[in-house]
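A closer look at the structure
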Amino acid sequence: DPKTLQTQQTRIVASPPTNGGRACDGPLALTKPCGVRTENVVDCELSLWMPWSGCSASCGGGQHMRVRSIGRQAQHGGKLCGLHEETRSLQQTASCNTWDCAGTEGPQDCELGDWSQWGVCGQGQQKFREREVLKPAARGGKACQTNIKETGPCEVEQVSLNVVDCKMSA
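Below is a short write-up of the structure. Since the model is a prediction, treat every value here as computed from it, not as a measurement.

1. What to know about the overall build of the protein chain
Summing up its helical and strand segments, the protein chain has 0 helices and 10 strands in all. Taken from the N to the C terminus, the helices and strands of the protein chain come in the order β-β-β-β-β-β-β-β-β-β. In the protein chain, buried positions account for 26% of the 170 residues. Long-range contacts, defined as pairs at least 24 residues apart, comprise 72% of the intrachain contacts of the protein chain with a sequence gap of at least 6. Of the roughly 12,000 Å² of accessible surface on the protein chain, a fraction of 49% belongs to carbon and sulfur atoms.

Here it is in structure tokens:
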């Protein structure tokens, strides 16, 4: 349970049994609950998708896109966005207006650029990367059916929560 704080008592064997003496008894480490976090764990949440943009072509196949953002940042040890595929995408593209145009050139497939480097980790412990649509699909060409902006969690150090451990007797 992420809300339960714990303390651990450890002991060492000060002197091992010799000459038929009795063995030490009990565990060397004992973990016990000692309190509850006062802050609520808050998981990262993405906003709803915005409506699809206009199509890049009136016929013959074009592309449109939609975006969403991080609606709420993770707090107090909550889950970061981008840990799973369903929370990674922030921008999508898809084909639209795929009917034929009379008397035009052949189909043009969508062409994507390379992914940018992951951005700097921000205060919300999230990083971002994106890629450009170099050529949108046109005239019945294959649309880009993939993410073009993504988020991922940052590698973060354990954050100190000013936790006070229980005291145990020896």
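That covers the picture; the talk isn't over yet.
2. Focus: the sheet that holds strand β10 (residues 147-153)
Read from one edge of the open sheet, 4 strands run β4-β6-β10-β8, paired in antiparallel fashion. Each edge of the open sheet is held by one strand with a lone partner, namely β4 (62-67) and β8 (126-130). The sheet shows a mean angle of 20 degrees between the axes of neighbouring strands, direction not considered. One ladder, built from 5 bridges, connects β8 with β10; its direction is antiparallel. Looking across to β10, one finds that K127 is bridged to G152.

3. Some points on the packing of aromatic side chains
The full count for this structure, using the stated rule, is 0 aromatic pairs. Stacked on the ring of W118, the Lys or Arg K127 has its end atom at 5.1 Å from the ring centre. Geometry around W115 places R129 over its ring, the cationic atom sitting 4.2 Å from the centre.

4. Focus: the pattern of salt bridges
Evaluated as defined, the whole model comprises 2 salt bridges. For E45, the salt bridge goes to R72, with nearest N and O atoms at 2.6 Å. Taken together, the residues E45 in strand β3 (residues 45-46) and R72 in strand β5 (residues 70-72) connect sequence positions 27 residues apart. Overall, the relative accessible area of 42% leaves E45 in the partly exposed class. Taking relative accessible area as the criterion, R72 reaches 36% and is therefore assigned partly exposed. Residue R129 pairs with E150 through a salt bridge whose shortest N-O separation is 2.9 Å. Of the two residues, R129 is situated in strand β8 and E150 in strand β10; the sequence distance between them amounts to 21 residues. For E150, a relative accessible area of 6% translates into the label buried.

5. Considering the state of the cysteines
On inspection of all chains with the given rule, the structure shows 4 disulfides. Here C44 pairs with C81 through a disulfide, and the sulfurs are 1.8 Å apart. Torsion about the S-S bond of the C44 and C81 cystine: about -95 degrees, corresponding to left-handed handedness. Of this pair, C44 sits in the loop between β2 (29-36) and β3 while C81 sits in the loop between β5 and β6 (89-96), placing them 37 residues apart in sequence. Residue classification places C81 among the buried residues on the basis of a relative accessible area of 2%. In this model, C110 is linked to C144 through a disulfide, with the two sulfur atoms separated by 1.3 Å. Negative torsions about the S-S bond denote left-handed disulfides, and the value of about -70 degrees found for C110 with C144 makes this one left-handed. Within this pair, whereas C110 is found in the loop between β6 and β7 (111-112), its partner C144 is found in the loop between β9 (133-135) and β10, the two being separated by 34 residues in sequence. Neither C110 nor C144 differs from the other in exposure class; each is buried.

6. Comments concerning the side chain of S89
Along the chain, the position of S89 falls in strand β6. Among the polar contacts made by the side chain of S89, one reaches the main-chain carbonyl oxygen of Q91 at a distance of 3.5 Å. The residues contacting S89, other than those within four sequence positions of it, are L46, W49, R68, N147 and K149.

Rules used throughout
- Residues numbered from 1 in each chain as written.
- Predicted model: local features only at pLDDT ≥ 70, side-chain atom pairs only at ≥ 80, totals over all residues.
- Heavy atoms only, no water.
- Helix = DSSP H or I, 4+ residues; strand = E, 2+ residues; numbered from the N terminus.
- Buried < 20%, exposed > 50% of the residue type's maximum accessible area, 1.4 Å probe, protein only.
- Contact = heavy atoms within 4.5 Å.
- Areas by Shrake-Rupley, 256 points an atom, 1.4 Å probe, with all protein chains shown as cover.
- Pairing = 2+ DSSP bridges.
- Axes fitted to C-alpha atoms, helices over the stretch in contact; angles between N-to-C directions.
- Phe/Tyr/Trp six-rings, centres within 6.5 Å; stacked < 30°, edge-to-face > 60°.
- Lys NZ or Arg CZ within 6 Å of the ring centre and 35° of its normal.
- Salt bridge = Lys/Arg side-chain N within 4 Å of Asp/Glu carboxyl O.
- Disulfide = S-S within 2.5 Å.
- Polar contact = N/O pair within 3.5 Å; in protein donor to acceptor, adjacent residues only side chain to side chain.

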